[in-house]
Amino acid sequence: MKKSDTPDSGFTLTDNQTGKTWKFPGHTGAMGNRLVDIRPMYSTSGLLTYDPGFTSTAACKSDITYIDGEKGILLHRGYPIEDLAEHSDYMDVCYLLLYGELPTPEQKASFDTEIRYHTWLHEQLARFYQGFMRSAHPMAIMVGVVGALSAFYHDSTDISDPEQRQLAAHRIIAKMPNIGASAFKYSLGRPFPIPINKYTYAENLLQMMFSNPSEEYKINPVLAKAIDRLLILHADHEQNASTSTVRLAGSSGANPYACIASGIASLWGPAHGGANEAVLNMLDEIGTVKNIKKYIAKAHDKDDSFRLMGFGHRVYKNYDPRAKVMQKSCHEVLTTLGIDDPRLELAMRLEEIALSDDYFLEKKLFPNVDFYSGIVMKALGFPESMFTVMFAIGRTVGWIAHWREMLGDGDQKIGRPRQMYTGYKKRKYKPVSNRGHTQNKISWSWLWRGKKNGTTASEG
Ligand code: CMC
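For the structure given in this document, a descriptive report is provided here.

Rules used throughout
Residues numbered from 1 in each chain as written. Predicted model: local features only at pLDDT ≥ 70, side-chain atom pairs only at ≥ 80, totals over all residues. Heavy atoms only, no water. Helix = DSSP H or I, 4+ residues; strand = E, 2+ residues; numbered from the N terminus. Rg over C-alpha atoms; globule rule 2.2 N^0.38 Å. Contact = heavy atoms within 4.5 Å. Areas by Shrake-Rupley, 256 points an atom, 1.4 Å probe, with all protein chains shown as cover. Lys, Arg positive; Asp, Glu negative; His and termini not counted. Charge placed at Lys NZ, Arg CZ, Asp CG, Glu CD. Near = heavy atom within 4 Å. Polar contact = N/O pair within 3.5 Å; in protein donor to acceptor, adjacent residues only side chain to side chain. Nonpolar A, V, L, I, M, F, W, Y, C, P; charged D, E, K, R; others polar. Pairing = 2+ DSSP bridges. Phe/Tyr/Trp six-rings, centres within 6.5 Å; stacked < 30°, edge-to-face > 60°. Lys NZ or Arg CZ within 6 Å of the ring centre and 35° of its normal. Axes fitted to C-alpha atoms, helices over the stretch in contact; angles between N-to-C directions. Parallel < 35°, antiparallel > 145°, perpendicular 65-115°, else oblique. Left-handed = near helix turned anticlockwise from the far one by under 90°.

**Focus on the overall build of the chain**
Here is step 1: When its secondary structure is counted, the chain shows 18 helices and 6 strands.
Here is step 2: Its C-alpha atoms give the chain a radius of gyration of 24 Å, near enough to 23 Å, the size a compact globule of 460 residues would have.
Here is step 3: Principal-axis analysis of the C-alpha atoms places the extent of the chain at approximately 75 × 60 × 60 Å.
Here is step 4: Put simply, of all contacts in the chain between residues at least 6 apart along the chain, 70% involve residues at least 24 apart.
Here is step 5: Looking at the chain as shown, the accessible area adds up to about 24300 Å², and 53% of this sits on carbon and sulfur atoms.
Here is step 6: Across the chain, 54 positive and 50 negative side-chain charges occur, with their mean positions spaced 10 Å apart.

What follows is the structure, encoded as structure tokens:
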């Protein structure tokens with residue numbers, strides 16, 4: 001049964017400097033976790049909270065996904081990810097995330113048809129690709145092309161119209177495989193792909209990536225299944241960096257295409273969706289089992305910015321349940337294809353060593369979804385640069401589900417965090433002639449500092 005949140009007896013905050021107290025409402029979420037409702041805090045006390053990276057802040061209510069990071073549980077609309085990955089297909093999961101329930105056969109057939117008939121790209125969009133260097137990273141192309149959809153589909157940018165919102169949602173989900181495959185084909189200098197309506201979403205993605213117009217393409221059902229599962233495992237993950245970016249962009253009333261482009265930009269970073277590409281690069285750098293110790297020592301070293309990519313998570317302090325399914329899928333794909341990739345052996349040894357290492361145990365760092373997904377995608381034939389594109393294609397439905405949910409939430413406001421100001425107090429302006437000749441010291445603190453200087457990355 002679905003449960004909403006329940007107001008509870010709340011909390012009292014005491015200022016230890018003045019002894020003043022304030023009462024704040026409390027809520028108990030559907031799974032029993034308690035929250036302090038600090039919305040009245042600034043207006044009643046003049047106090048702000050400080051929480052970089054939102055480590056203790058729930059920025060919204062959501063019915064879509066639940067994660068218990070301590071126990072390693074992930075539920076979409078109440079259904080465990082393991083069950084969805086085993087028994088559903090990606091269209092089932094898309095429908096579930098968007099509309100709240102698994103579809104009936106009729107609902108599924110109609111949704112499936114709707115998605116199949118929105119897969120084409122506007123002819124002029126093909127010319128848009130030609131403005132990019134052939135060497136461009138496909139994620140750079142994705143950010144540009146998805147943002148540009150708002151210049152092509154004016155009939156679905158009015159967010160106050162539910163029908164337009166629905167049309168935009170279906171359109172983006174339908175076109176993402178074509179946009180991604182076109183970026184890939186463009187980088188190779190090959191003709192743009194053509195979606196074929198008889199194929200399922202995963203089959204179409206496969207044929208658009210790997211077929212060529214001069215030859216018949218035979219779908220390998222094992223590869224299509226592996227892609228479908230990969231898309232399911234990436235479909236949603238509550239308020240991660242890219243989903244929060246989509247919500248923040250959407251909170252100002254921006255159109256859905258622009259919002260999804262902002263999500264793609266956020267996903268690209270190596271601490272988030274870019275980690276799958278980084279894992280493979282890392283395995284190649286480690287090279288052999290003999291070198292694992294050296295790299296584990298680098299990960300321990302506070303003065304070394306090296307991190308074990310594909311390990312650790314802001315929310316999971318246990319095995320990421322998606323990583324378990326991905327590991328199984330990895331074995332299946334490699335066995336079926338008869339591929340003997342030494343990186344799988346290396347990854348498994350690395351995992352084994354890290355999972356018995358005090359540093360990783362103390363910090364509760366476990367493999368995440370990206371640890372095995374790169375090996376699966378490599379086996380399926382994707383180049384490293386396409387890994388994050390595949391993540392983006394799968395995650396699109398999650399972004400849209402959250403964007404739609406946000407627009408329907410009565411508590412929704414434009415996202416506008418505050419800050420702890422640490423700069424100068426008011427000072428007297430100096431005209432250029434009075435500024436002296438010694439160089440001012442410029443602060444470079446805005447640069448990514450990594451682990452070395454104590455700055456941490458955001459969660460994926
Ligand atoms: N290797 C070595 N040390 C690590 C790692 C790692 N992969 N991850 C975290 N730590 C250490 C970190 O140095 C810090 O140590 P200390 O407390 O001594 O300063 C401690 O563990 C906590 O880390 P944090 O960076 O404060 O934690 P976070 O919640 O901000 O970061 C994370 C989460 C995923 C960004 C981080 O674990 C990481 O960078 N992992 C590698 C990148 C990766 O695999 N990303 C994919 C995320 S899951 C896929 C997705 O959904 O996008």
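**Structural notes on unusual backbone geometry**
Here is step 1: For Arg77, which is not a glycine, the phi torsion comes out positive at approximately 50°.
Here is step 2: Within the fold, Arg77 resides in the loop between β5 (73-76) and β6 (79-80).
Here is step 3: For Glu238, which is not glycine, the phi torsion reads 40° and is therefore positive.

**Side note on the site of the ligand**
Here is step 1: Residues in contact with the ligand amount to 26 residues; listed here are only the nearest, His272, Arg307, Leu308, Gly310 and Arg314.
Here is step 2: Within the contact set of the ligand, a nitrogen atom lies 2.9 Å away from a backbone nitrogen or oxygen of Phe311.
Here is step 3: Separating an oxygen atom of the ligand from a side-chain N or O atom of Asn368 is a distance of 2.9 Å.
Here is step 4: In the complex, the protein chains occlude 86% of the 940 Å² of accessible area that the ligand would expose alone.
Here is step 5: In the shell around the ligand, the residues fall into 10 nonpolar, 9 polar and 7 charged.

**Focus: the sheet that holds β5**
Here is step 1: As summarised here, the arrangement of the 3 strands in space is β4-β5-β6, forming an open sheet in which the pairing is antiparallel. A single partner strand is all that each edge strand has here, and the edge strands are β4 (65-68) and β6.
Here is step 2: Bridge analysis of β5 against β6 gives 2 bridges, and the strand direction is antiparallel. Bridge assignment links His76 to a residue of β6, and that residue is Tyr79.

**Things to note about the packing of aromatic side chains**
Within a pair of aromatic rings, the relevant descriptors are the distance that separates the centres and the angle that separates the planes.
Here is step 1: Counted under the stated rule, the structure contains 16 aromatic pairs.
Here is step 2: Their ring planes at 55° and their centres at 6.5 Å tell us that Tyr129 and Tyr186 sit as a pair that is tilted. Here the residue Tyr129 occupies a position in helix α5 (residues 123-129), and Tyr186 occupies one in helix α7 (residues 162-188), the gap between them amounting to 57 residues.
Here is step 3: Put simply, the rings of Phe311, Tyr359, Phe360, Phe371 and Tyr372 touch in pairs and so form one group of aromatic residues.
Here is step 4: Just above the ring of Tyr424 sits the side chain of Arg427; from NZ or CZ to the centre is 3.3 Å.

**Some thoughts on the packing of helix α6 (residues 138-148) against helix α11 (residues 256-267)**
Here is step 1: For the pair α6 and α11, interaxial distance at closest approach is 8 Å and the crossing angle is 165°. When the axes of α6 and α11 are compared, the pair comes out roughly antiparallel. Helix-helix and strand crossings are classified by hand; for α6 and α11 the assignment is left-handed. Residues Met139, Met142, Val143, Val146 and Gly147 of α6 touch α11, and the partners they reach there are Tyr257, Ile260, Ala261, Ile264, Ala265 and Leu267.
Here is step 2: Here the contact of α6 with α11 is built from residues that sort into 10 nonpolar, 1 polar and no charged.

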